[in-house]
Amino acid sequence: MANPFFEPSDLPYALPPFARIRHEHYLPAFERGMAEQREEIAAIGSRTAPPTFENTVEAPERSGAVLGRVSRVFFNKAGSDTDDALQALEAELAPRLAAHDDALLLDPALFARLDALYEARADLALDPEQVRVLERHHTLRVRAGARLAPDQQRRLRELNAEIAARCAEFRRNLRAATAEAALVLERAEELAGLPSDQVAAAAENARALGRPDGFVLSLKNFTSQTELATLDDPALRERLLAASLGRGTECNGPVAVALARLRAERAALLGYPSHAAWEVADRTAGTTEAVEEMFGRLAGPAVANAVREGAVLSKAAGVAEIGAADWQYYAERVRKERFDLDAAALRPYLELETVLRDGVFHAANLVYGLTFTERPDLVAYHPDARVFEVCEEDGSALGLYIGDFHARPSKRGGAWENELVQQSHLLGHRPVVVNNLNVARPPAGEPVLLTWREVGTLFHEFGHALHALFSDVRYPLLAGTQVPRDFVEFPSQVNEMWAEQPEILAHYARHHVTGEPMPPDLPGRLREAESFGAGFRVVEHQAAAVLDWSWHSLPADGDLPDEGDAEAFEAAALERWGLALPAIPPRYRTGYFAHVFGGGYAAGYYGYRWAEVLDADTVRWFRENGRTVRESGEIFRRELLGRGGSVDPMAAFRAVVGHDPELGPLLARHGLDG
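A. View of helix H2 (residues 53-62). A large share of H2 lies buried, amounting to eight of its 10 residues. Buried within H2 are the following residues: Phe53, Asn55, Thr56, Val57, Glu58, Ala59, Pro60 and Glu61. At its buried positions, H2 is contacted by helix H1 (23-45), helix H5 (108-119) and helix H6 (128-144). Just downstream of H2, Gly64 is the residue with a positive phi angle, here 75°.

As C-alpha cells, this is what we get:
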C-alpha cells in the first residue's frame, strides 16, 4: 500500500486518511519529509536571482508539505492513542526533528536573503500581513541563533538535540509513572462518598486495565485529584494525594534538572541571562520584570484569601489546621452548608452529549452563527474520536472539528487542542482541529456525567478550537493559534464565560433522566460557591507558575542544582515567593509538570494568568459594551480570533476592547480586590 502521507488527502477538508495510516508509514514519511524540505530550503537559498518576497518568504511557506502532514498526525496520535512502538519512535525522532529545525532556521544562505529583505522591508510595498510574516521569519531565525559564529551554532545544535531527547524522556517517564501510581482498590465500600456513576467508572477503568474484579482511580495530570472532594475515607484521601504528589519525582527530577541546565546554557549562548529572559522577549509580557510584577501583585492577596478559607475549613473539620488531602473534601461541605450546593448534585444536569450540543455548540451558534453536523462517514484516528462539519451562518463550509473526550490507557493526561490541517489561503487549506479531554468512561449504556470543572475544560478547549477554525490568514506561519504563548490561552479562557451565561446554561443544564432544567437559583448559588475557593485556585496555580519560572530563571553561570536536588529546589522556590503553604501544593510539581518539561511551556506557564488579565477585561467588554452577543462575537472574531499571528496581538486586543488591559477585572473575579 502506498504511503498515505506522500500525497495530499483527497478527503473532505484534506482530513488525513486515518483508515489507511499504519505505524510503518510514519518513519518513511518523516525521513522523506525532512529530506524534501531540506532540499527545498537549500534551493531557495542558492538562487542567483535577487531576493524578493515571493522567492524568499513565500517559498519557505510552501515547503515541507509531507513533513507537515505526518508531523501533525503523528504527534496528535502520540498524545491521544500511543503505544510502545509510537513512544520508541517519538524518542528516536525527537533529536532528529530538532536537528532538522536547526537546519532550516540556521541555513546561512536563506538567512542572508531574509536579512536583506528585512532591512529593506519599508521600501518593498508589502501589505501588512506580508510585513508580518517577513518579520516573523527573520525574528525566529535570529532568536534561533542565525547570527552566531559557526562553532557557537554547532554547540547550539547539540543543545537543541539533547533538550528534545530529554523532553521525550520526560513524557515517556511520566506516562509510566502515572500508570504505576493509579490506586487499585478491591471493594466498592472503600470508595464511600464517591458518586455511584464515578464508582462505576472506576470499575470500568479497572476492567480496561485488566483488573476485572477491582476498582482503579487513575490519576489526572494535576495535583488535586477531583475525587478528593467526595471520598469519605481520610486515609484513602491521603493515599490518593500522596500518589499524585509523588509520581515522577524519582525518574523525572533528574530530567528536569538536566533540562534546566541545558536551557540555561542555550540562553547564555543566545545572549540572554536565562531561559525565562529569552522566552519572554518574544511574548506579550516583554520582560521578566513584567512577569514578576504580576506575580508580586497577585501573591499577597491570594495567600491572604487562601488563609481565610483554610481557617473556615479547619473549623469545619474540627482541627487546628486543615491538611492538603482534606481541603477539597471540607470545602465541598462548607459550600453545601453555606450555599446549599452539593457539587456532586450538579452532575446529573451535566451530561456530556447535552453539554456538547446544547451548550458548547449552541453558544458558538449564538455568538458566532456556527452550526455543527456530525459526519460519521469520516473516520478519525480512534473510535472515540467523532468528526463534525462546521458551517457558517449562511451554510458555507468552515472546517472540521474532532472531539475525543474519553480517558483511556493509551492517552496522556490533561486536555488540549491540536490542528491536523492548518488554515492557509496561500495553500488553499481549511482547518481541521481536534479537542482531547480525559473524561472517565462509564459502563456501557450509562450516561457520561461531567463535573463543573470538566464543563469549564470543554468550553476552554473549544475556545482554542475556535481560534484555529476562525483563522483567516494567507500564510501558515501566522495561522490560528500561532500567537505568543502568553496570549494563546486568552481566547480559550474567554470562551469559558459562555458555560455560565444564563441563557446558555439554561439550554444545556438539564437532568439527564427527567429533562428538568437545573433549578433556577442554582447558577447564582454556583457562582457564590465558586468564589469560596478562589484563594486555593489562585495559590495552587501561582505556585506552579513560580516553580516553572524559578527553574527557568537560573543563569548558566550560577549555582545550578544537582540531579537529586529537584525537591529541595522546589521547596526553596515556593518559600522565596511566599507560596509555601503545606495545605495548598502546586497545581503541578516538577516530576509531572509536563507543560514545561515535556512540552513547549517552559518559562511560559505564567501565561495562563497573564492571559487571564486579558480574558477578564474582555469578558467585562462582552457584558458591558451595549451591543448584542452576536454583534460582539463578530467583532471578537474579525479583529482578534481570525487574525491569528498576522497582527500584533496586543493591537488586536485593543481593537476589540478599546484600551490597554486592566488588572481590576481579574482581581474582582477572584475576590482579590479588597
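B. Representation of the environment of Arg587 in the model. Of note, Arg587 is situated in the loop between helix H21 (566-576) and helix H22 (594-597). As a C-alpha pair, Arg587 and Ala543 span 44 residues in sequence and 7.1 Å in three-dimensional space. Those residues within four positions of Arg587 in sequence are excluded, and the remaining contacts are Phe222, Thr223, Arg453, Glu540, His541, Ala544, Tyr592 and Tyr605.

C. Broad picture of the nonpolar core. Counting residues in each nonpolar core, the largest one holds 155 residues, and the members touching the most others are Leu191, Leu350 and Tyr508. With sequence-adjacent residues up to four places away left out, Leu350 is seen in contact with Val355, Val448, Leu449, Leu450, Thr451, Trp452, Val455, Tyr508, Ala509 and Met518. Ranked by size, the runner-up nonpolar core spans 29 residues in total, among them Tyr13, Phe30, Leu67 and Phe74.

D. A look at helix H10 (residues 249-269). Given a rise of 1.5 Å per residue, 21 residues ought to cover 30 Å, and the 30 Å separating the end C-alpha atoms of H10 matches this to within 8%. Note on H10: the residue one or two positions beyond its end, Gly271, has a positive phi of about 95°.

E. Structural detail: the side chain of Asn76. When you line up the elements, Asn76 lands in helix H3 (residues 65-80). Polar contacts involving the side chain of Asn76 include one to the side chain of Asn418, which spans 2.8 Å. Other than its neighbours up to four places away in sequence, Asn76 contacts Tyr381, Trp416, Asn418, Leu420, Val434 and Asn436.

F. Summary view of the packing of aromatic side chains. Scanning the entire structure with this criterion turns up 36 aromatic pairs. Where Phe53 meets Tyr475, the ring centres are 5.8 Å apart and the plane angle is 70°; that geometry is what we call edge-to-face. Within this pair, whereas Phe53 is found in helix H2, its partner Tyr475 is found in the loop between helix H16 (452-469) and helix H17 (485-495), the two being separated by 422 residues in sequence. The exposure classification of Phe53 matches that of Tyr475, with both residues buried. Between Tyr601 and Tyr608, the ring centres sit 5.6 Å apart and the planes meet at 15°, which makes this aromatic pair stacked. The cationic tip of Arg237 hangs over the ring face of Tyr329; the distance from NZ or CZ to the ring centre is 4.0 Å. Above the ring of Trp416, the side-chain terminus of Arg412 is found at 3.7 Å from the ring centroid.

G. The arrangement of the side chain of Glu351 in detail. Position of Glu351 relative to the elements: it lies in the loop between helix H14 (343-346) and helix H15 (352-368). A distance of 3.2 Å separates the side chain of Glu351 from the backbone nitrogen of Glu353, its partner in a polar contact. Side-chain polar atoms of Glu351 contact the side chain of Thr354, separated by 2.9 Å.

H. Spatial organisation of the sheet that holds strand E6 (residues 416-421). In space, the five strands of this open sheet follow the order E3-E4-E5-E7-E6, with mixed pairing throughout. The outermost strands of the open sheet, each flanked by one partner alone, are strand E3 (371-374) and E6. Neighbour-to-neighbour, the strand axes of this sheet turn through a mean angle of 30°, independent of strand direction. Note that E3 and strand E4 (residues 386-391) share four bridges and pair antiparallel. The partner of Thr371 across the bridge, within E4, is Cys391. Helix-sheet contacts for H16 involve E3, E4, strand E5 (397-406), E6 and strand E7 (432-439), and the interaxial angle to E7 is about 170°.

I. Molecular detail of unusual backbone geometry. Positive phi, normally seen in glycine, also occurs at Tyr13, with a value near 60°. Looking at the element boundaries, Tyr13 is found in the segment before H1. Although it is not a glycine, Ala14 adopts a positive phi angle of roughly 55°. Topologically, Ala14 is positioned in the segment before H1. Take Ala14: its relative accessible area is 29%, and that puts it in the partly exposed class.

J. Highlighting the packing of helix H4 (residues 84-105) against helix H7 (residues 150-180). Taken N-terminus to C-terminus, the directions of H4 and H7 make an angle of 155°; their axes are 8 Å apart at the nearest point. Taken together, H4 and H7 sit at an angle that is classed as roughly antiparallel. Pair H4 / H7 crosses with right-handed handedness. Here Gln87, Glu90, Ala91, Ala94, Pro95, Ala98, Asp102 and Ala103 of H4 lie close against H7, whose contacting residues are Leu156, Arg157, Asn160, Ala161, Ala164, Ala165, Ala168, Arg171, Arg172 and Arg175. The class makeup of the residues in the contact of H4 with H7 is 10 nonpolar, two polar and six charged.

Thresholds applied
- Residues numbered from 1 in each chain as written.
- Predicted model: local features only at pLDDT ≥ 70, side-chain atom pairs only at ≥ 80, totals over all residues.
- Heavy atoms only, no water.
- Buried < 20%, exposed > 50% of the residue type's maximum accessible area, 1.4 Å probe, protein only.
- Helix = DSSP H or I, 4+ residues; strand = E, 2+ residues; numbered from the N terminus.
- Contact = heavy atoms within 4.5 Å.
- Core = buried A, V, L, I, M, F, W, Y, C linked by side-chain atoms within 4.5 Å.
- Expected span 1.5 Å × (residues − 1).
- Polar contact = N/O pair within 3.5 Å; in protein donor to acceptor, adjacent residues only side chain to side chain.
- Phe/Tyr/Trp six-rings, centres within 6.5 Å; stacked < 30°, edge-to-face > 60°.
- Lys NZ or Arg CZ within 6 Å of the ring centre and 35° of its normal.
- Pairing = 2+ DSSP bridges.
- Axes fitted to C-alpha atoms, helices over the stretch in contact; angles between N-to-C directions.
- Parallel < 35°, antiparallel > 145°, perpendicular 65-115°, else oblique.
- Left-handed = near helix turned anticlockwise from the far one by under 90°.
- Nonpolar A, V, L, I, M, F, W, Y, C, P; charged D, E, K, R; others polar.

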